[in-house]
Amino acid sequence: MRIMGLDFGSKTIGVAVSDAFLWTAQGIKTIRRSKQEIDELRELIREYEVNEIVIGYPKNMNGTLGPRCALTDEFAERLRLEFGLPVGLWDERLSTVAAQRTLLEADVSRAKRKLVIDKMAAVFILQGYLDRRQKGNIPV
């Protein structure tokens, strides 16, 4: 059993997958948004034996739902219908900021940061979900 975490953006989708024990999140790849995105996700779901998906939910800093949330809701429903898996939403506020800070602290160049930022954000989203799940605050 593994959980896939997604950072759903307008141009890319960052992808992370949990380990089999549901303890840690590892960044897998960044998928360019296209007609093939569902096929790429399907292949990763099969390859990593994923049985649940968590998508970062881009709430505004004050907790309200903006236009990106509506697009994320639509994408989540599309994934539910396409893959028949549970798809949850996880508050992603500041996940990209945390990923950016981590990459800066690791002295990763601007060009390389741009290539991995969405994948790193997916790791932060999924790890937050896994940590909360370990504490028993999320139904299994």
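Calculation criteria
Residues numbered from 1 in each chain as written. Predicted model: local features only at pLDDT ≥ 70, side-chain atom pairs only at ≥ 80, totals over all residues. Heavy atoms only, no water. UniProt positions renumbered as here; feature names shortened; annotations may be inferred. Core = buried A, V, L, I, M, F, W, Y, C linked by side-chain atoms within 4.5 Å. Buried < 20%, exposed > 50% of the residue type's maximum accessible area, 1.4 Å probe, protein only. Helix = DSSP H or I, 4+ residues; strand = E, 2+ residues; numbered from the N terminus. Expected span 1.5 Å × (residues − 1). Arc of directions from axis to C-beta. Pairing = 2+ DSSP bridges. Axes fitted to C-alpha atoms, helices over the stretch in contact; angles between N-to-C directions. Contact = heavy atoms within 4.5 Å. Phe/Tyr/Trp six-rings, centres within 6.5 Å; stacked < 30°, edge-to-face > 60°. Lys NZ or Arg CZ within 6 Å of the ring centre and 35° of its normal.

Looking at an unreviewed UniProt entry, the protein carries the name Putative pre-16S rRNA nuclease, with the source organism given as Candidatus Desulfosporosinus infrequens. According to its UniProt record, the protein has this under Subcellular location (unreviewed entry): "Cytoplasm". In UniProt, the protein has this text filed under Function (unreviewed entry): "Could be a nuclease involved in processing of the 5'-end of pre-16S rRNA."

A. How the structure looks around the nonpolar core. Formed by 20 residues in total, the largest nonpolar core has its most connected members in Met-4, Leu-6, Leu-41, Ile-53, Ile-55 and Leu-79. Elements that contribute at least two residues to this core include exactly strand E1 (2-8), strand E2 (12-18), helix H1 (37-48), strand E4 (50-57) and helix H2 (67-83). Core analysis: the next-biggest nonpolar cluster, separate from the first, contains 12 residues, Val-123, Ile-125, Tyr-129 and Leu-130 among them.

B. Inspection of H2 at higher detail. Between its terminal C-alpha atoms H2 stretches 25 Å, which fits the 24 Å expected from 17 residues at 1.5 Å a residue. Within H2 the residues assigned to the buried category are Cys-69, Thr-72, Phe-75, Ala-76, Leu-79 and Phe-83. Buried residues of H2, viewed axially, fall in a sector of 120°; they line one side. Away from the buried face of H2 by more than 90 degrees, exposed residues Pro-67, Glu-74 and Leu-81 are located. Among the residues trailing H2, Gly-84 stands out with phi positive, at a value near 65°.

C. Spotlight on the sheet that holds E4. Pairing within the open sheet is mixed, and its five strands lie in the order E3-E2-E1-E4-E5. Of all strands in the sheet, those with a lone pairing partner are strand E3 (25-32) and strand E5 (87-91), marking the two edges. On average, adjacent strands in this sheet sit at an angle of 25° to one another, irrespective of strand direction. Taken strand by strand, H1 contacts E1, E2, E3 and E4, and its axis lies near 155° from that of E3. Seen against the sheet, H2 touches E1, E2, E4 and E5 and runs at an angle of roughly 170° to E4.

D. The arrangement of the packing of aromatic side chains in detail. One pass over the full model with this rule turns up three aromatic pairs. Between Phe-8 and Phe-75 the ring centres are 4.2 Å apart and the planes differ by 10°, which places this aromatic pair in the stacked class. With a gap of 67 residues between them, Phe-8 in strand E1 and Phe-75 in helix H2 connect regions that are remote in the sequence. Note on accessibility: Phe-8 and Phe-75 belong to one class, buried. With a centroid separation of 4.9 Å and an interplanar angle of 20°, the aromatic rings of Phe-21 and Trp-23 are classed as stacked. Residue classification places Phe-21 among the exposed residues on the basis of a relative accessible area of 57%. In this arrangement the basic side chain of Arg-33 is found over the ring face of Phe-75, its NZ or CZ atom lying 5.9 Å from the centre.

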